[in-house]
There are 2 protein chains.
Amino acid sequence: MLTYSFADIGSDTLYEHLYKCIKNDILQGVLPPGDKLPSKRTFAKNLNISTITIENAYAQLLAEGYIYSIPKKGYFVADLNRKNQDTAPIRTENIATVANPDIYFADFISNQTNPDNFPFSVWTKLMREIILDKSRELMTNSPCGGIMELRCAIAGHLREFRNMSVSSEQIIIGAGTEYLYGLLIQLLGHNRIYGVEDPGYRKVAQIYRSNQVACHYIPLDENGVTIDSLETNNIDIIHTSVSHHYPTGIITPISRRYELLGWAAKSETRYIIEDDYDSEFRLMGKPIPSLQSIDVMEKVIYMNTFTKSLASTIRVSYMILPNHLLHKFYETLSFYSCTVSNFEQYTLARFIKEGYFEKHINRMRNYYRGQRDLIMQCIQDNPNAVKIRITEEDSGLHFLMHISTDKTDKAIVQEALHQGIRISCLSDYYHNETKENLHTLIINYSNLPPTIMKEAITRLCEAIFR
Amino acid sequence: MLTYSFADIGSDTLYEHLYKCIKNDILQGVLPPGDKLPSKRTFAKNLNISTITIENAYAQLLAEGYIYSIPKKGYFVADLNRKNQDTAPIRTENIATVANPDIYFADFISNQTNPDNFPFSVWTKLMREIILDKSRELMTNSPCGGIMELRCAIAGHLREFRNMSVSSEQIIIGAGTEYLYGLLIQLLGHNRIYGVEDPGYRKVAQIYRSNQVACHYIPLDENGVTIDSLETNNIDIIHTSVSHHYPTGIITPISRRYELLGWAAKSETRYIIEDDYDSEFRLMGKPIPSLQSIDVMEKVIYMNTFTKSLASTIRVSYMILPNHLLHKFYETLSFYSCTVSNFEQYTLARFIKEGYFEKHINRMRNYYRGQRDLIMQCIQDNPNAVKIRITEEDSGLHFLMHISTDKTDKAIVQEALHQGIRISCLSDYYHNETKENLHTLIINYSNLPPTIMKEAITRLCEAIFR
């Protein structure tokens, strides 16, 4: 059993001290890769400190990739040499799936759906109807691209909400966007060079790396992906969220969109993957046409998901393939079975077709607006308000909080964690460029219970400004 | 519009003639890759023949890979040059997802579940209970390996039915076995050499090829995979169904199983993927211990699925990783979200835990035994019974029908198709060895309606012996 002395911890909190001790032992090789860390309870008892202290230390080590967790088995020392630079730094996106949500007072990272907001009764009703009406169809294998009813419903939704004209046949259904990326690599080629946005949603790069395809980080300017760096990096396929970049909130203007399409048109191997993950929830401003809808050269693959708009635990995403890729897909990949079960495909199809999805989106948009207004009020009411500047507040389910402070970003995240607040910084989302202290926090407010909003902001400001 | 003359068709049937004309035009380049074939209705009208003739010709071209279909768009000429030898020959497994089931009188290939056999009312009841009891859990992101309740339920099931002792943490849930293969390639390495059984289930090789990893075909002797060819082909990872090989029905004896484990133990990079897809439905004989349960070297990855035992349209499969791979999985692949929705994971967990799955399997086993007895009776009663020999009748959901005839296997499949009977031959499942006329048909009888059994056998015998 590990033992550490807490006699001389200086100004560190208990959890910081413990975190540093373990981290040091991992870096020194005292704790070799694969070693199991003591259970929180035993460790706490042995060190005579509270389990919450252990939890905080473990959460920090987990967030920084020094340890990993296996559900019900515990925490283990990571192999730092195995990691390439992609997986080593703070892996904030990963924590949601492994960390225990009960240890946080408030979570500004999680994308989970508040159970109060999911239309359970409608969903149950539709599910029962489907089972009564469609027992034969429920047992008939789905085409590899997905059930036609669902694809028609999605095409209708896109026509109405996004002013996109796509035929249902172009739509391919899959169990989550991550799965569809895997399919796209097989469709577009393992020998292509893929590009992801820097800063950006890190998982996309992880998927490319895990599939052993070349992947480069493309810097953004204030209008999004820069054409020059696409050219200098010899990118074939660029993954981009032009309508609302995460986490910067950049909306790529129409001129840059045409430049992107122009870039893609120059070579047969070039494509743009347009990830339109949160288009349903833009709170203000006029909608901007998707790249897909202004693409006449069959260069854009559009992707969207119901994990944001309905529930993160319902794994249904889709992509829209241009015609020539659709043909290639059916010719080369149609041996794959559709990964979404018929029950959910038919239920979701009816949910959309009968107008429930539209109602749900409208209701959620109001809810999110209320959430945003409430959290803005809490920030304004805080004594530290003058040291805070908010941007991108109209752009969806999160905004950016710029803060004036001498503390490092890392210190802020750690102190917030100690206050029970889980948060990430814009600097965490950069890969190539080192942006250590941007002093910009990402506030995902969508599913924070309104009742704890004020206290959450108070604690966050404590962590930042105390 | 294509026009063909039916003036001089010799002894060919109309559909055979049409099939040959189109095939010839494709091979000659008259019909270039990507060209759309006329719709069945228009084509039939133009040629003044019935649409069923067109359907039969298209189905044959589809089965042989000369054309492909896009749902609701129609049929298109395949690019024969693009295909490697893996996808070019008869792709019987693929047809199920694209062909119209209504055009067959009886289907001896399909794995679809008869809607009468799915426990809809129990499923609905459990789904409602889950929604009432677990709204919070339903909205909480699943760990990447799957919901713990489901993994515990599966571990319990395996203990009881398969005498396997696995911990729930070793189980990884995914949306279908095909998806899990993709994960395994990322886990075990793109630079490894994978082996698949020859003959065997062709989809596995397609997945390896599509992911651009080296894949060799390993011949079987009467005891299954041969160790010599694993060595000579430098295989790292062999995919095998030792408990019941499809389609030959070979059950690998315990001595060969130990040889396989011995082979795997010789190198750090070697593993065995044990696909135990139909272990629940062996109708007779004593159960044989799984490879996984006699593996003490952490060399076996066990896979199984609910698509066979529950419904082909419920996409839930799982794999059991040995401990050291489990660690590697959580360290390198835990950024992936679980691909099965929480609704189905919780419902299935309760379905297993409350004993419904056991009841379902027992009921289905009786049903399949009844199906088998009925079809055997129909065969015995047929005037051609003396020219038919049945093997592997006790081994699950299909058997092999050996026939004495001068016709080629291909001619039999074609004539059966003309009789409205969809069937495949053992020779279709060979890759390296050319086994053109084994005169062995694979009879998947599991979901054939009992009412049409007699007529189906009569028509099949017509096709074979007429």
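Above this text you will find the structure in question.
All values reported here derive from a predicted model rather than from experimental measurement.

### Re the overall build of chain A
In terms of helices and strands, chain A carries 17 helices and 16 strands. A principal-axis box enclosing the C-alpha atoms of chain A has dimensions of 70 × 50 × 45 Å. For chain A, with 466 residues in total, the buried portion stands at 66%. A total accessible area of about 17,300 Å² is found for chain A, and carbon and sulfur atoms account for 48% of it. Computed over 48 positive and 53 negative side-chain charges, the separation of the two mean positions in chain A equals 4 Å.

### Digging into the pattern of salt bridges
Residues and elements named next belong to chain A. Summed over the entire model, instances satisfying the criterion amount to 32 salt bridges over all chains. Here Asp133 and Arg350 are joined by a salt bridge, their closest N and O atoms 3.0 Å apart. Taken together, the residues span a long stretch of sequence, with Asp133 in helix 5 (residues 120–133) and Arg350 in helix 14 (residues 342–353) at a distance of 217 residues. Assessed through its relative accessible area of 15%, Arg350 is described here as buried.

### Details of the interface of chain A and chain B
Residue-level contacts link 74 residues of chain A with 75 residues of chain B. A buried area of about 6,900 Å², summed over both sides, lies between chain A and chain B, and 59% of it is on carbon and sulfur atoms. If you sort the residues of chain A by the area they bury against chain B, Met139, Glu331 and Phe335 of chain A come out on top, with a joint share of 12%. Inspection of the region where chain A meets chain B yields 0 salt bridges. Remark: the boundary between chain A and chain B carries 28 residue pairs in polar contact (both at pLDDT 80 or more). For the side of chain A that touches chain B, the element with the most residues is helix 13 (residues 323–332) of chain A, which contributes 7 residues. Here the side of chain A that touches chain B is built from residues that sort into 29 nonpolar, 28 polar and 17 charged.

### A look at the relation of the copies chain A and chain B
One copy of the chain maps onto the other through a rotation about an axis followed by a shift along the same axis. Least-squares fitting of chain A to chain B yields an RMSD of 0.1 Å, with the superposition described by an axial translation of 0.0 Å and a rotation of 180°. The symmetry that links the two subunits is that of a two-fold axis. A shared binding surface is used by both copies, with 100% of the interface residues of chain A retained as interface residues in chain B.

### Digging into the sheet that holds strand 7 (residues 224–225) of chain A
Residue and element names in this part refer to chain A. Taken together, the 8 strands give an open sheet; going across it, the order is 4-11-10-9-8-5-6-7, and neighbouring strands pair in mixed fashion. In the strand order of this sheet, the two ends are held by strand 4 (171–174) and strand 7, each with one partner. One ladder, built from 4 bridges, connects strand 4 with strand 11 (residues 317–320); its direction is antiparallel. Its bridge partner lying in strand 11, Ile172 is registered against Met319. The strands that helix 9 (residues 202–210) touches are strand 5 (193–198), strand 6 (214–221), strand 8 (237–240) and strand 9 (271–275); relative to strand 6, the one it contacts most, it runs at about 160°.

### Quick look at the side chain of Arg350 of chain B
A distance of 3.0 Å separates the side chain of Arg350 of chain B from the side chain of Asp133 of chain B, its partner in a polar contact. Apart from residues lying up to four places away in sequence, Arg350 of chain B is in contact with Leu126, Glu129, Ile130, Asp133, Lys134 and Tyr356 of chain B.

### Section: the environment of Glu354 of chain B
With respect to the element layout, Glu354 of chain B can be found in the loop between helix 14 (342–353) and helix 15 (356–381). Each C-alpha atom of the pair Glu354 of chain B and Ala153 of chain B lies 9.4 Å from the other, and the pair is 201 residues apart in sequence.

### Some remarks on the environment of Ala411 of chain B
On the secondary structure map, Ala411 of chain B appears in helix 16 (residues 409–418). Taking the C-alpha atoms as reference points, Ala411 of chain B and Ala463 of chain B, 52 residues apart in sequence, are found 8.7 Å from one another.

### Looking at the sheet that holds strand 12 (residues 388–391) of chain A
Residue and element names in this part refer to chain A. Pairing in this open sheet of 4 strands is antiparallel, and the strands run 12-13-16-15 from one edge to the other. Since the sheet does not close on itself, it has two edges, and those belong to strand 12 and strand 15 (424–425), each with one partner. Lying on the sheet, helix 15 (residues 356–381) is in contact with strand 12, strand 13 (398–403) and strand 16 (440–444); it crosses strand 13 at an angle near 10°. Across the sheet, helix 17 (residues 453–465) touches strand 12, strand 13 and strand 16, and the angle it forms with strand 13 is around 35°.

### Quick notes on the pairing of strand 10 (residues 300–305) of chain A
Residue and element names in this part refer to chain A. For strand 10, the buried fraction is high: 6 of the 6 residues fall into the buried class. The two faces of strand 10 match: Val300, Tyr302 and Asn304 on one face and Ile301, Met303 and Thr305 on the other face are all buried. For strand 9 and strand 10, the ladder comprises 4 bridges, and the chain directions are parallel. When the sheet's bridge partners are listed, Ile273 is paired in strand 10 with Ile301.

### A closer look at helix 2 (residues 40–47) of chain A
All names here are of chain A. Lys40, Phe43, Ala44 and Leu47 are the residues of helix 2 that are buried. Each buried residue of helix 2 lies within a common arc of 100° when the element is viewed along its axis, so the set occupies one face. Opposite its buried face, helix 2 presents the exposed residues Arg41 and Lys45, each directed more than 90 degrees away. Summarising the contacts, the buried residues of helix 2 are in contact with helix 1 (14–28), helix 3 (51–63) and strand 2 (74–77).

### Details of the packing of helix 7 (residues 148–162) of chain B against helix 15 of chain B
All names here are of chain B. One can describe the packing of helix 7 onto helix 15 by two numbers: an axis separation of 12 Å at closest approach and a directional angle of 40°. Relative to helix 15, the element helix 7 lies oblique. Pair helix 7 / helix 15 crosses with right-handed handedness. Contacts between helix 7 and helix 15 pair His157, Glu160 and Phe161 from the former with Phe357, Glu358, Ile361 and Arg365 from the latter. Split by residue class, the contact of helix 7 with helix 15 holds 3 nonpolar, 1 polar and 3 charged.

What counts, and at which threshold
- Residues numbered from 1 in each chain as written.
- Chains lettered and ligands numbered in written order.
- Predicted model: local features only at pLDDT ≥ 70, side-chain atom pairs only at ≥ 80, totals over all residues.
- Heavy atoms only, no water.
- Helix = DSSP H or I, 4+ residues; strand = E, 2+ residues; numbered from the N terminus.
- Buried < 20%, exposed > 50% of the residue type's maximum accessible area, 1.4 Å probe, protein only.
- Areas by Shrake-Rupley, 256 points an atom, 1.4 Å probe, with all protein chains shown as cover.
- Lys, Arg positive; Asp, Glu negative; His and termini not counted.
- Charge placed at Lys NZ, Arg CZ, Asp CG, Glu CD.
- Salt bridge = Lys/Arg side-chain N within 4 Å of Asp/Glu carboxyl O.
- Contact = heavy atoms within 4.5 Å.
- Buried area = accessible area lost by both parts, 1.4 Å probe.
- Polar contact = N/O pair within 3.5 Å; in protein donor to acceptor, adjacent residues only side chain to side chain.
- Nonpolar A, V, L, I, M, F, W, Y, C, P; charged D, E, K, R; others polar.
- Least-squares fit on C-alpha atoms with pLDDT ≥ 70 in both.
- Pairing = 2+ DSSP bridges.
- Axes fitted to C-alpha atoms, helices over the stretch in contact; angles between N-to-C directions.
- Arc of directions from axis to C-beta.
- Parallel < 35°, antiparallel > 145°, perpendicular 65-115°, else oblique.
- Left-handed = near helix turned anticlockwise from the far one by under 90°.

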